[in-house]
Amino acid sequence: MVDKEHKSIDQAAIEMIEKAEKEDVRTVFDRAEQMKPCPIGGEGSCCSNCAMGPCRVPLPKNKEETPEEHAKRTGVCGATAETIAARNFVRKIAAGAAAHSDHGRKVVEAFKLMAEGKAKDFEVKDEQKLLKLALDLGVTIGDRSNQEIALDIAKMCETEFGKQEGDLLFARLAPLKRQEIWRQQDVYPRGIDREVVELMHRTHMGVDQDYKNLMKQGTRCALADGWGGSMIATELQDCMFGTPSPVLSEINLGVLKEDMVNLIIHGHEPALAEMLAVVSQDPEIIKYAESKGAKGINLAGMCCTANEILMRHGVPIAGNFLQQELAIITGALDAMVVDVQCIMQGLADVAKCFHTKLITTDERAHITGSTFMRFDEQNARESAEAIVRAAIENFPNRDKNVRIPRVKTPVVAGFSHETINYLLGGLFRASYRPLNDNIINGRIRGVAGVVGCNNARTTHDGDHIAMIKELIKNDVLVLTTGCGAMAAAKAGLMVPEAAKEFCGPGLAEVCETVGIPPVLHMGSCVDNARILIAASAMVKDGGLGDDISDLPAAGAAPEWMSEKAISIGQYFVGSGVYTVFGTTWPTTGSKELTDYLFNGFEEQYGGKWDFEPDPIKAAHKMIEHIDKKRKALGIDKARERVLYDMEMRRQLDAV
Ligand code: SF4
Ligand code: MSK
């Protein structure tokens, strides 16, 4: 028997892992047990960049390496352990930045089609945001229509990918001091595609062989993701699908319904999900489902697409990354519809054991053994309808072997930057002032971004929850995205009532006064750009220094697994944030490179990396960093506790 509790802290997941075992269905949890990680690749000491290799240059175990031994630790071409580890690390950045940015490009294409009137099912949903974006980008507003303004914005954003000269436009939204640092370090991002291509070129055999210089381009490429591809994706998605505002929903496998057609949309890009949300409410389609014996259509999300439609429509979430196969194992899933990123190939094998139809929808991501049904933005509704009909037609094929865990949790999501601004400051004077004031007076100790994936090498959701609970207990407000956000929601940390139960007294008071949860769901992976904007807004509101690196703030990804997470981490570090990763660290094969990332970087960028697999210790490292920043700002004395009476609370409201 396997130790199921060790695999997940989520009761729904544990129940489905047991069901899989009984039914002899192999999942990611089994594969992780059978496939031990390669120790040489794990420390970044394997190079396969040319056919003279692969070369392995592992760090000697259990003994100090002499300088002579170190000098001999090279690949066939003479590449040192530092160069090899750095090349491997920055290639992860290039892949992560490419993934986010190609998502951004797809959004721009859909946005442009909409502006040209060629994507008839999409429209500008948030006019305010469109106009704000036009002002940010210098697009003329005048008496032009939304379509005309949107077309100019689309063209400008399109150019951001391929431009050869000049700076990325969205990077101008960073605090001025941050931009100065980028200029001093010569890493101000240029065209998005250019940064990815240059990084791939520089890591080719025989090009850039100085680990610090490789990291310089790695930083510039990551910044082109955070302040470019990801930010473009988030901003245009908000214009086209609506900027999220607080919404109540539910999360976990218990959202699946025995008597309805269950359809899960899994992946990252929201356009298809948006249309599925519309189509699944269509009375005609519901009638069709009824004709097949179902009571209706139940749409749920998985991974970041789930976050997108939860944030905007309150569509329930079935689970995060490590639950994708488990959703099929319920036996209640009629269709698993996927687009791009974080989709395990194992889904196809698991789906074969059940009646579930696995449907791929994007030309860039086919899976052997699945059915391909292309999603066409120009005929979005028809494409979505065909997919929903396929799910409905599969409903009668369900067998009796259905078990849906009775586990689901309420969640309040939808905390975009604009919403936080409004909730804190009010409609007419939206600002971060009350947040800054509460940090200055010490009720809130600081802010942490806890983001990222699940990883089958550590207990599913365990590290996220241990870290987040430790942070909020110590009065640190947590902003979160991605699968970490879903972990927090499943653990009941995303309802306002959680403040009283889990927070330190200062944070609890503020959350209760404003009526927000202590852990704020800010969206999907690309929406980490919202955290950059929020951090910039805090700097601009004043009182907490003049750069993101001055803020009492820290970042973490305790269960990271994807290359996108490395790119996100690097753009946080390059934006001045102390960032701690858990589970494993991919550069330990080179002490010099690791020391540069964990220490040297801070001198250049104000932010730095750290690694700590123990989530409680990691939380305390973050708190220590937050306290260091409070001290530097001279607000460390302010952390005295104040008990609020009603009058004081009203004053807080009126700030
Ligand atoms: Fe080996 Fe150098 Fe080729 Fe890498 S580039 S595989 S270290 S010879
Ligand atoms: S889905 S990148 S596992 S957060 Fe964005 Fe989750 Fe990580 Fe994928």
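These figures come from a predicted structure and were not determined experimentally. (Residues numbered from 1 in each chain as written. Chains lettered and ligands numbered in written order. Predicted model: local features only at pLDDT ≥ 70, side-chain atom pairs only at ≥ 80, totals over all residues. Heavy atoms only, no water.)

**Re unusual backbone geometry**
- The linkage connecting G53 with the following residue, P54, adopts the cis geometry, with an omega of 0°.
- With respect to the helices, strands and loops of the structure, P54 is situated in the loop between β1 (46–47) and β2 (55–56).
- Within the chain, Q341 stands out as a residue other than glycine whose phi angle is a positive 70°.
- Of note, the phi angle at D475 is positive, near 65°, even though the residue is not glycine.
- With respect to the helices and strands, D475 occurs in the loop between α20 (462–473) and β12 (476–480).
- Under the relative-accessibility criterion, D475 is labelled buried at 4%. (Helix = DSSP H or I, 4+ residues; strand = E, 2+ residues; numbered from the N terminus. Buried < 20%, exposed > 50% of the residue type's maximum accessible area, 1.4 Å probe, protein only.)

**Side note on the nonpolar core**
- Residues F111, F122, I153, W227, L471 and M622 are the most contacted members of the largest nonpolar core, which totals 218 residues.
- For this core, the element with the highest residue contribution is helix α11 (residues 211–241), accounting for 15 residues.
- Residues within four places of F111 in sequence aside, it is in contact with L130, A150, I153, A154, L236, C239 and M240.
- If you look at the next biggest cluster of nonpolar residues, it comprises five residues, including C47, V57, A79 and A81. (Core = buried A, V, L, I, M, F, W, Y, C linked by side-chain atoms within 4.5 Å. Contact = heavy atoms within 4.5 Å.)

**Concerning the site of ligand 1**
- Surrounding ligand 1, one finds C47, N49, C50, M52, G53, C55, G75, V76, C77, I84, R87 and M205.
- Partitioning the shell around ligand 1 into residue classes produces eight nonpolar, three polar and one charged.
- When residues of the shell around ligand 1 are sorted by domain, at least three fall in each of domain 1 (4–62) and domain 2 (81–241). (Near = heavy atom within 4 Å. Nonpolar A, V, L, I, M, F, W, Y, C, P; charged D, E, K, R; others polar. Domains from an automatic or database assignment.)

**Overview of the site of ligand 2**
- Near ligand 2, the surroundings consist of 13 residues, among which H268, C304, C342, C483 and C525 are the closest.
- Put simply, the parts of the chain that give the shell around ligand 2 at least two residues each are α14 (303–313) and α21 (482–490).
- Residues of the shell around ligand 2, tallied by class, amount to eight nonpolar, four polar and one charged.
- Inspection of the shell around ligand 2 shows a minimum of three residues originating in each of domain 3 (247–397) and domain 4 (421–633).

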